[in-house]
Structures are given as structure tokens and as C-alpha cells.
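What follows is the residue order along each chain.
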Amino acid sequence: MRKFLIIIIVLLVILALGQSIYYKINQPKNISPSIDSIEETAQETLYIIGMSDIYDKYNPKIQFDNLQKRFYSFINVNLPEIFKNIYKKNVQEIKQYYEENTDKIHDMYIYQEEEFISIAKQLQNIYNDQNAKVNIENYEVDTNSITSIQDGLIGFDVIFYYDNNTTLKVKFILSENTENMMITSVSDVDMVFGNYTGNVKKSEFLGKLDSLISNVMKIREDSTLKTKNEKMQYYDLNKETLNNIGIYSAEDYISIANQINAMKWKNQDINYINFEVENESIVANENNFNFKVKLFYSYDSEMELIVKLRMNNENEPDVSFSGVVIENQSVSANS
């Protein structure tokens with residue numbers, strides 16, 4: 001009898017221990033997350049000023065917190081990844097990178113080659129050798145841009161402000177029916193081409209501008225202290241080369257050479273910084289579409305170009321450049 005009682009007691013103890021272990025495993029967890037896990041969660045989402053206005057006006061399918069995660073990824077993962085791979089690349093090289101990494105870029109919600117090139121050029125305009133430590137200071141939704149693009153699609157611009165007084169601007173396009181999203185560029189170049197009705201692509205203009213910028217030093221070397229007649233002769237002898245960088249007449253070559261020679265070349269380490277499209281300078285009609293571009297260099301040097309895009313005449317070049325006439329030029333620049 002005593003042995004039987006001992007066995008019963010042992011079984012009850014085992015049952016009690018088993019129940020204790022069960023309830024410990026399955027009870028609700030009210031343990032506060034660690035500091036590290038709180039910070040990790042916070043770092044994966046990002047609220048941008050003006051986001052709530054999107055949901056006040058429309059009803060995108062994507063949830064608010066998921067959109068915050070996509071903002072975070074775009075700013076802290078995608079933009080650095082794009083810049084790392086396109087820094088110092090020209091338009092043709094950027095295009096090649098897009099073609100070789102299409103799936104990866106599509107995962108960033110950028111689905112069009114032209115838009116990727118435009119965003120890449122915006123980044124190149126912000127980061128350069130003169131300001132490699134540039135940081136984003138602030139970002140916001142342009143609430144005035146929130147609009148219904150078409151049935152079921154909502155668009156809005158996001159502006160990123162950098163501490164070197166530059167900005168990057170993109171458009172987010174959301175759907176009211178799916179969680180799909182698309183990102184496009186909204187730079188000054190995009191604004192100009194939004195008004196252009198011809199067949200020249202943004203990438204063609206940007207590629208031609210790349211070519212001209214890379215040849216500025218050579219144009220200076222070949223034109224310094226040359227007379228007007230010598231410059232005209234130089235154009236005739238080098239017409240094909242100059243056509244390839246967007247210069248199609250002796251007059252245009254002279255006006256650009258004069259702009260270049262007027263810069264502050266007393267410092268031989270003068271460097272290109274970035275460019276700015278003056279979208280308010282557009283002059284357009286049935287036969288012409290012109291606008292101005294400023295190129296900025298170190299030592300507060302700059303040059304101003306007039307860009308002409310082909311309209312209806314198939315015999316005209318797609319993109320051509322001339323220099324804005326400088327008044328009171330020095331003798332060395334104008335002789």
C-alpha cells in the first residue's frame with residue numbers, strides 16, 4: 001500500500017510540472033521588446049511630412065505603415081545603391097547599367113529606362129567631387145501635387161532637400177486597387193520635356209550634354225587666344241567631331257568657346273560641379289523648341305547655353321547647343 005501511494009505522489013508531481021511547463025510556453029507574452037528591437041523597427045519606417053494628406057484625399061490600397069517602409073527603403077537603400085553604381089557614368093553607361101540590372105531596378109519601383117536615367121542624373125547633379133559628404137536635410141510630400149492621374153491611380157511628388165542647397169524630386173504613383181507602386185523623375189529636365197512635343201528623348205539631350213561637358217577643356221585649349229577667323233577655320237576642319245557633341249555651326253562654336261574662355265581659368269584645377277535647366281526660359285513654336293542650361297564650375301565660374309531640340313524638320317539635328325552672347329568680353333575671349 002505504501003509503495004502504491006509513493007507511485008501516486010510521483011505521478012501527481014510529474015503532472016504538476018508538466019502543466020507548469022505548458023502554461024509557461026503558451027501564456028500571452030507581455031514582455032516589453034528590447035531597446036535594440038525598438039530601434040530596428042523604427043529604422044525600417046519613415047514618415048514624410050504631408051503623407052497623411054494622401055490618405056485624407058484618396059484611398060490607396062497600400063497601408064500607411066507599408067508606404068512608410070517603402071519611403072525608408074527608397075531613401076536609405078535604393079538611392080545610395082543607384083548612386084554607387086552610376087557615379088561618374090555617362091548616359092550611355094547608365095543605360096547599359098539599367099539593361100544589365102533591370103530586375104533589381106524594377107524592385108525599386110522604377111520601371112522605365114528614361115526615368116531611371118533622369119533620377120541617376122539628378123543624383124549626379126547633387127553629389128560630385130566638390131561636395132562628396134552631402135546629406136539629406138529634409139524631405140516632404142508636395143501636397144499641392146497630390147492628384148488623381150487617372151481612374152484608380154494617385155500621384156504625388158516628394159522633394160528631398162540636401163545640405164548643399166540642391167534638391168531631388170520624384171513622383172510616387174499609387175493604386176487604389178492594388179499595392180503596386182511606381183516612381184518617376186520630376187526634375188527640371190522632366191518639366192521641360194513635359195512641354196516638348198517632338199521626338200527627341202530626355203536621354204538623348206542628357207547624353208549630348210554629357211559629351212559637351214566632357215569636351216569643355218579641349219574646346220578651351222583649342223580656342224584660347226584664337227581670332228574669330230581662326231575659330232571659324234577650326235570649326236570647318238573639325239566639323240564632324242563638333243557635331244558629335246552638339247555644335248553644328250561656326251557661329252555656335254565661337255559663342256560656346258567665348259563662354260568657356262570667359263570662365264576663371266587662372267586656377268587650372270577648375271572643375272565641373274553640376275548643371276541647371278532654366279525651365280522658365282522655354283521658347284517654343286511649331287518649328288523651334290529652345291531653352292537655357294547653366295553649367296556650374298568651381299571658383300563661381302559658370303557658362304550659359306541655349307539648347308535647341310528638333311521639332312518637325314527631319315533635316316535638323318536632334319539636339320544642338322549655342323552659347324549665350326557675353327557682353328563686354330575680354331579681348332582674349334573675343335578676338
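Residues numbered from 1 in each chain as written. Predicted model: local features only at pLDDT ≥ 70, side-chain atom pairs only at ≥ 80, totals over all residues. Heavy atoms only, no water.

Attention shifts here to the pattern of salt bridges. A complete count under the given rule lists eleven salt bridges for this structure. Between Asp 190 and Lys 202 there is a salt bridge, with the nearest N and O atoms lying 2.6 Å from each other. Of this pair, Asp 190 sits in helix α8 (residues 188–195) while Lys 202 sits in helix α9 (residues 202–214); the two residues are twelve residues apart in sequence, bridging distant segments of the chain. No difference in accessibility class separates Asp 190 from Lys 202, as the two residues are buried. We note a salt bridge from Lys 218 to Asp 222, for which the minimum N-O separation is 3.0 Å. Placement of both Lys 218 and Asp 222 in helix α10 (residues 216–223) is noted, with a separation of four residues, approximately one turn of the helix. (Salt bridge = Lys/Arg side-chain N within 4 Å of Asp/Glu carboxyl O. Helix = DSSP H or I, 4+ residues; strand = E, 2+ residues; numbered from the N terminus. Buried < 20%, exposed > 50% of the residue type's maximum accessible area, 1.4 Å probe, protein only.)

The strand order across the open sheet built from four strands is β1-β2-β3-β4, with neighbouring strands paired in antiparallel fashion. Pairing within the sheet leaves two strands with one partner each, and these edge strands are β1 (136–150) and β4 (181–185). Across this sheet, the average inter-strand angle for adjacent strands is 25°, counted without regard to direction. Taken together, the nine bridges between strand β2 (residues 153–162) and strand β3 (residues 167–175) define a ladder with antiparallel strand orientation. (Pairing = 2+ DSSP bridges. Axes fitted to C-alpha atoms, helices over the stretch in contact; angles between N-to-C directions.)

In an α-helix there are 3.6 residues to a turn, and that puts residues three or four apart on one side. Within α8 the residues assigned to the buried category are Val 189, Asp 190, Val 192 and Phe 193. Seen along its axis, α8 keeps its buried residues to an arc of 160°; they face one direction. Residues of α8 that are exposed and point over 90 degrees away from its buried face: Gly 194 and Asn 195. In the core, the buried residues of α8 are packed alongside α7 (113–126), β4, α9, β5 (272–284), β6 (289–297) and β7 (301–309). One side-chain oxygen at the N-terminal end of α8 lies 3.3 Å from the backbone nitrogen of Val 189; it belongs to Ser 187. (Arc of directions from axis to C-beta. Contact = heavy atoms within 4.5 Å. Polar contact = N/O pair within 3.5 Å; in protein donor to acceptor, adjacent residues only side chain to side chain.)

Moving on to the confidence of the model for the protein. Mean pLDDT for the protein: 84, with 82% of residues reaching 70 or above. Every residue in residues 329–335 scores below 50 in pLDDT, and together they form eleven contacts with partners more than four places removed in sequence or on other chains. (pLDDT = per-residue confidence, 0-100.)

Tracing the backbone shows Val 319 in strand β8 (residues 319–323). As for Val 319 and Gly 246, which are separated by 73 residues in sequence, their C-alpha atoms are 6.1 Å apart.

Time to look at the sheet that holds β6. The strand order across the open sheet formed by four strands is β5-β6-β7-β8, and the pairing between neighbours is antiparallel. Strand pairing shows two members of the sheet lacking a second neighbour, β5 and β8, which therefore form its edges. Strand-to-strand, the axes of this sheet are offset by a mean angle of 30°, without reference to chain direction. As defined by bridge partners, β7 adjoins β8 across five bridges and the pair is classed as antiparallel. The residue bridging Val 307 from the neighbouring strand is Phe 321, located in β8. Lying on the sheet, α8 is in contact with β5, β6 and β7; it crosses β5 at an angle near 25°.

Let's shift gears to the packing of helix α4 (residues 64–86) against α7. The geometry of α4 relative to α7 is characterised by a closest axis approach of 10 Å and an angle of 85° between their N-to-C directions. Considering their axes alone, α4 and α7 lie roughly perpendicular with respect to each other. Where α4 approaches α7, its residues Leu 79, Ile 82, Phe 83 and Ile 86 are matched on the opposing element by Phe 116, Ile 119, Ala 120, Leu 123 and Gln 124. Of the residues that constitute the contact of α4 with α7, the class distribution is eight nonpolar, one polar and no charged. (Parallel < 35°, antiparallel > 145°, perpendicular 65-115°, else oblique. Nonpolar A, V, L, I, M, F, W, Y, C, P; charged D, E, K, R; others polar.)

Right, let's get into the pairing of β3. Adjacent in sequence and paired antiparallel, β2 and β3 are bridged by four residues, among which Asn 165 carries a positive phi angle near 65°. Where β3 meets β4, five bridges bridge the pair, whose relative direction is antiparallel. Looking at the pairing, Phe 172 lines up with Ile 183 of β4. Linkage of β3 to β4, two consecutive antiparallel strands, is achieved through a turn of five residues.

In this section: the side chain of Gln 124. Positionally, Gln 124 belongs in helix α7. Judged by its relative accessible area of 14%, Gln 124 falls in the buried class. A polar atom in the side chain of Gln 124 sits 2.8 Å from the backbone oxygen of Ile 86. Among the polar contacts made by the side chain of Gln 124, one reaches the side chain of Lys 121 at a distance of 2.8 Å.

Along the chain, Met 303 falls in strand β7. For the pair Met 303 and Val 293, spaced ten residues apart in sequence, the C-alpha to C-alpha distance is 8.4 Å. Those residues in contact with Met 303 that sit more than four places away from it in its chain are Val 216, Ile 256, Gln 259, Ile 260, Met 263, Val 293, Lys 294, Leu 295 and Tyr 297.

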